[in-house]
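# Structural description and commentary
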Amino acid sequence: MADKKVIAVVGSTGSQGSGLANAILDDPSGGFAARAVTRDPSKDKAKALAAKGAEVVKADLDDVESLKKAFAGAYGVYGVTNFWEHFSGEKEKQQAKNIAEAAKAAGVKHVIWSTLEDTRTLMKPDDKRMPMLQGKYRVPHFDAKAEANAYFSGLPVTYLVTSFYWDNLYLFGLAPKKGDDGAYSWTFPMGTAKLPGIAAEDIGKVAYSIFKAGQPYIGKTVGIAGESLSFDEMSQKLSKGLGISPVKFNAVDADVFRGFGFPGADEYGNMFQTYRDFEKEVNGARSIDQTRQLNPQLQSFDQWLAKNKSKVAAETQPAPAAKA
Ligand SMILES: NC(=O)c1ccc[n+]([C@@H]2O[C@H](COP(=O)([O-])OP(=O)(O)OC[C@H]3O[C@@H](n4cnc5c(N)ncnc54)[C@H](OP(=O)(O)O)[C@@H]3O)[C@@H](O)[C@H]2O)c1
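Attention here is on the structure that accompanies the text.

Thresholds applied
- Residues numbered from 1 in each chain as written.
- Predicted model: local features only at pLDDT ≥ 70, side-chain atom pairs only at ≥ 80, totals over all residues.
- Heavy atoms only, no water.
- Helix = DSSP H or I, 4+ residues; strand = E, 2+ residues; numbered from the N terminus.
- Rg over C-alpha atoms; globule rule 2.2 N^0.38 Å.
- Buried < 20%, exposed > 50% of the residue type's maximum accessible area, 1.4 Å probe, protein only.
- Contact = heavy atoms within 4.5 Å.
- Salt bridge = Lys/Arg side-chain N within 4 Å of Asp/Glu carboxyl O.
- Pairing = 2+ DSSP bridges.
- Axes fitted to C-alpha atoms, helices over the stretch in contact; angles between N-to-C directions.

### Focus on the overall build of the protein
Along its length, the protein carries 15 helices and 13 strands. Its C-alpha atoms give the protein a radius of gyration of 20 Å, near enough to 20 Å, the size a compact globule of 324 residues would have. Taken along its principal axes, the extent of the C-alpha atoms in the protein is 60 × 45 × 40 Å. Buried residues in the protein amount to 52% of all 324 residues. Look at the contacts in the protein between residues 6 or more apart in sequence, and 78% of them connect residues 24 or more apart.

### A few points about the pattern of salt bridges
A complete count under the given rule lists 24 salt bridges for this structure. Measuring nitrogen to oxygen at the nearest pair gives 3.6 Å for the salt bridge that ties lysine 136 to glutamate 147. With a gap of eleven residues between them, lysine 136 in the loop between β5 (110-115) and α5 (140-148) and glutamate 147 in helix α5 connect regions that are remote in the sequence. Owing to a relative accessible area of 24%, glutamate 147 belongs among the partly exposed residues under this scheme.

### Describing the sheet that holds strand β2 (residues 32-38)
Read from one edge to the other, the open sheet built from seven strands follows the order β3-β2-β1-β4-β5-β6-β11, with strand pairing classed as parallel. The sheet is open, and its two edges are formed by β3 (55-58) and β11 (221-223), each paired on a single side. The sheet shows a mean angle of 20 degrees between the axes of neighbouring strands, direction not considered. Of the pairings in the sheet, the one linking β2 to β3 comprises four bridges and is parallel in character. Paired with arginine 35 across the strands is glutamate 55, a residue of β3. Packed on one face of the sheet, helix α3 (residues 64-71) meets β1 (5-9), β2, β3 and β4 (76-79) and runs near 160 degrees to β2.

### Description of unusual backbone geometry
Following serine 245, the chain continues into proline 246 via a peptide bond in cis, with omega recorded as -10 degrees. Positionally, proline 246 belongs in the loop between α8 (231-242) and β13 (247-251). Although it is not a glycine, phenylalanine 87 adopts a positive phi angle of roughly 60 degrees. Owing to a relative accessible area of 32%, phenylalanine 87 belongs among the partly exposed residues under this scheme. A positive phi angle, near 50 degrees, is found at glutamine 134, a position not held by glycine. Note on placement: glutamine 134 falls in the loop between β5 and α5.

Listed below in structure tokens is the structure:
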């Protein structure tokens, strides 16, 4: 243990970080050790990591001093922020700044910053196709992460541009839902565009591979995805994989979607519209081949679905209250 390179994993109890922590723990002879960072070491997910052999440390992204302690003596840091906990681009940037500052103070040899592209570069400032949000962003959780890239300059950093997790189908309830007519439907402003997606756990596996490779990835941007599929293609795969039919995709207008009014509808609307209107650019920013080189076990949508079938199937059923 003592001679292993310690990776301090922010978000260790979440989708990205747990994938990395488990990849490290599942490779005991790989030369790395997992230090799981969480605000609450007593939570079940933190305890499960400890039981597998992770060192669990308490720190908060809002408290830079706690991060400095959590990163002390580490070889590497995996940095991720959770926009969806507060929906604020400014807060996300401050948390990223804290990660960068603490990584600098700890003198780590390799940081992976989980980022996304700046969607504002794809549209002129006066482009009216979608609203500006929070005063300055098109897609706040993309643009704020991209702005935060600057905090990491001067550090030995790899910028990891992630993709839409297919796990959103059960984590965020995005799966097609069964209607009164027995058909399953889902609605997004995506038209026929192909969405680069990934099994969330594969992000961590890729990150582990980047830490293992080290130097060649310092200063590099790596865009990752498992497969790029249209919603019609995913509908067919869901129909076959779950044995449900028909699965109908409604390619709604982005303004209509933003008007649905659920928390984050405008943010999601702008995000899907960006994926639709700039299909070539967002797919071009991610390489499935490179992702597979980094993670030879990279899952396709079908493989991911087979593994998560029961969780996705449960999400296709209407909520009990809606049935009554
Ligand atoms: N869903 C997608 O399709 C997708 C795609 C690309 C990028 N992303 C980005 O992924 C990010 C979220 O990552 P995820 O999905 O891995 O997260 P997640 O599964 O929702 O879990 C959130 C993680 O962040 C940690 N965390 C949150 N606030 C913290 C704080 N103040 N201090 C310390 N730790 C904190 C939590 O740790 P504790 O609760 O244990 O402290 C937890 O481990 C978002 O910013 C999102 O934009 C998502």
